[in-house]
Every structure is written in C-alpha cells, then in structure tokens.
Amino acid sequence: MVFLFRDKSIVNIVFLVLLGLLVHLHGFTVPITLVANNQDGWFAYLLNQYIKGAIESAGFFLYLVVILLQAIRLNFLLAEQKMFPNTGYTVAMTYMLLTGLLPQWAAISPALMANFLLIWIYIKLTRLYNHPAPKTLLFNIGLLVSITILCYHPTAILIVVVLFALGIMRSFKLQEWFTLLMGIALPFYFLASWLYLNDDLASISQFLPKIVLELPVQKLGNLEMAGLSAIVLVLLAGFFSWQQFNSRLVIQMRKNWSALLVMSFILTAAPFVFAHAGLNAAILCLVPFTAFVSASFSYPKRLLFPNFLFFVLIGVIMYNNWYLVKF
C-alpha cells in the first residue's frame, strides 16, 4: 500500500482523503467532539465562541479538512527542503495514520489548531542557516512563538525549542539571541501595558501558561497502550532509517533534521509540565514525529518493511475504531 503514496501525483490527494476516512471511520457513528478549555488560550476561546455550533453539525468533516491541510502542508515543506530521496506523499500519509493512534487526538482541540503555527515556526527555523538578514527573521520567529503561546499556552515549551534550534542553525552571536528574546517578549509587553492602562493587570495570569508537573493520564487504558506502543515502534524504525541516510545529506539538511530531533524530544514533555494538558497536548509531537516516521516509509528501496509498518498502524487504528464504535 505504501507505493500508492510514493508517487507525486494529484491522485494521491484522493488516496489521502480515503485514508483519512478509513483512519477515522468511527467518525460516522461517534461524533467528533470539541475539547477546549478557555484557560488554555485564545484558540480555545475562539473555538468555544464561534466554532462550537459548526462542530456539532459537521465536526467530522471539519476535522478531516484540518488534518488533511496540515498533512499536505507538512508534506510540501519537507519535499521542498529535499529531506527525502523521493518526492511523494508518504509524509502526508504518515501524518494521517498517526492521528488515529490515540482517541484523544480524534477531536478538534486548540492543540490540533496550534499545529498550523508549529509548522509555520519550523519553516522559519529552516531559513536561519545562511540567511542574509537573520535578525529580522529571528525577531519574526520570536513574535510567532509568542503569539502561538497566547493562542495555546502549553506551546510555551517552544521557547526552549527555538533557543536550541538557533544554537544548531547558527554560530553564537549575542545580538541574535537578544533579538529572538525581544521578539518573544514584545507581545507580552504590549499585553501587560494594555492591561495596566485598563487597570486590570492582575488578570495577566489568565494569559500565561500554568506549569504543573503531572501525568497526562492517571491510568492507561487499552487504547492508549496500543496507540503508544505503535508510536514507539514506528519511531524506532524511523530513527533507524534516518540514521542510515543522515550522513549522506548536505550540512543544511542535517541541521534541519537536528532541529526536528530537538523538537521531538522537547515537545514530548508538554503533556507532563502544563496543567490539565493531557494527551491532547501530545498531538503537538505529530509534526516532528511524522518526519522521522516517514523516513521508514520513504528511504527503504524494498517495500516489505514499510508495508509491514503500514499494516501494523492500520491494525491498531482498526482496533481503536472497533472499540469506539462498539462501546
């Protein structure tokens, strides 16, 4: 089945839609829900205020459109950077498959919407290497990170991501680091000023992330165990395939992969360090995870092992669908 997505053809978009319908087959019987706490940021407020009614009537199709757009955008981004030997739709295929591994990800949430901004941030990070005007780009990255945090508070961990990425992409220059930090701080400065002028500075805590060390779930169920096991399996396979080919890449591509690797490890901590984030916040990991898992589908010339991984994921997804539909 993997060969269907290794070609670069418009027909693959149709295959992606069909794959999305298969992965989230339960959406025809179990409504796609909205999971949004207004204390998590502006995305939650906007979803509850303006999108909630549409989700109740057309949530399944809205969810499919969102993940399809994210999958295709990420696919085009990695293809443009020549991160894989062949240009196809295996990245988009992987993203669609991974969204079906945990029941918490089969919902419209601020974390899901934040993936649009996360992909945008990664695009800008990849442009840092040998950029002619790095200060402007760094300031814009800082602004985008800050806006993302205001939209969804658990993305505050992106501050650590961009600092590590800057260290990977460019040699140390104090002015560049200061420019990045200024970009991150500026929106919060304007927010604090506006609240101060309105004599409401005490409410600024509503716009800041709440750091609380806790487990995403108190007890893992069968669905979570199956999904997390599948994620670990395909990630290990992806890391193995990536390591085999990483040394053959030019230095810029290796730096891009290194930024993704840092993003993978740091974003994994988000569900553990932010209050009430839960496994819903773990969907932020899909952006870097997809790149590495795609390596196991794109790099091998023989399709035996990629097809094996594909059907393992499909098996876990079908078990999830059967469980959700039955219970």
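See above for the structure.
Residues numbered from 1 in each chain as written. Predicted model: local features only at pLDDT ≥ 70, side-chain atom pairs only at ≥ 80, totals over all residues. Heavy atoms only, no water.

Draft legend 1. Here's a closer look at the nonpolar core. Membership of the largest hydrophobic core comes to 108 residues, with the highest contact counts inside it found for Leu16, Leu19, Leu97 and Trp257. Excluding residues that lie within four positions of it along the chain, Leu16 makes contacts with Phe5, Leu68, Ile72, Tyr89, Ala92, Met93 and Met96. (Core = buried A, V, L, I, M, F, W, Y, C linked by side-chain atoms within 4.5 Å. Buried < 20%, exposed > 50% of the residue type's maximum accessible area, 1.4 Å probe, protein only. Contact = heavy atoms within 4.5 Å.)

Draft legend 2. Focus on the state of the cysteines. On inspection of all chains with the given rule, the structure shows 0 disulfides. The cysteine Cys151 is free of any disulfide, with Cys285 supplying the nearest cysteine sulfur at 19 Å. By relative accessible area, which is 9% here, Cys151 ends up buried. (Disulfide = S-S within 2.5 Å.)

Draft legend 3. Here's a closer look at the packing of helix α6 (residues 158–169) against helix α7 (residues 174–197). For the pair α6 and α7, the least separation of the axes is 11 Å and the interaxial angle reads 160 degrees. Between α6 and α7, the angle falls in the class roughly antiparallel. α7 is crossed by α6, and the crossing has right-handed handedness. For the pair formed by α6 and α7, the contact residues are Ile159, Val162, Leu163, Leu166 and Gly167 on the first element and Glu176, Trp177, Leu180, Leu181 and Ile184 on the second. Within the contact of α6 with α7, the residues separate by chemical class into 8 nonpolar, 1 polar and 1 charged. (Axes fitted to C-alpha atoms, helices over the stretch in contact; angles between N-to-C directions. Helix = DSSP H or I, 4+ residues; strand = E, 2+ residues; numbered from the N terminus. Parallel < 35°, antiparallel > 145°, perpendicular 65-115°, else oblique. Left-handed = near helix turned anticlockwise from the far one by under 90°. Nonpolar A, V, L, I, M, F, W, Y, C, P; charged D, E, K, R; others polar.)

Draft legend 4. Seen up close, the packing of helix α5 (residues 134–151) against α7. It is at 7 Å that the axes of α5 and α7 come closest, and there the two elements cross at 35 degrees. Where α5 crosses over α7, the handedness of that crossing is right-handed. Residue-level inspection shows Pro134, Lys135, Leu138, Phe139, Ile141, Gly142, Leu143, Ser146, Ile149 and Leu150 of α5 in contact with α7, the latter providing Gln175, Glu176, Thr179, Leu180, Met182, Gly183, Ile184, Leu186, Pro187, Phe188 and Leu191. Taken together, the residues of the contact of α5 with α7 sort by class into 14 nonpolar, 5 polar and 2 charged.

Draft legend 5. A look at the environment of Pro31. Secondary-structure assignment places Pro31 in the loop between α1 (11–23) and β1 (33–34). Along the sequence, Pro31 and Ala107 sit 76 residues apart, while their C-alpha atoms lie 9.1 Å from each other.

Draft legend 6. Representation of the side chain of His153. Secondary-structure assignment places His153 in the loop between α5 and α6. Looking at His153, the relative accessible area reads 4%, which means it is buried. Not counting the four nearest positions on each side in its chain, His153 is found in contact with Gln39, Asp40, Gly41, Gln206, Phe207, Leu208, Pro209 and Phe274.

That is the geometry; function is a separate question.
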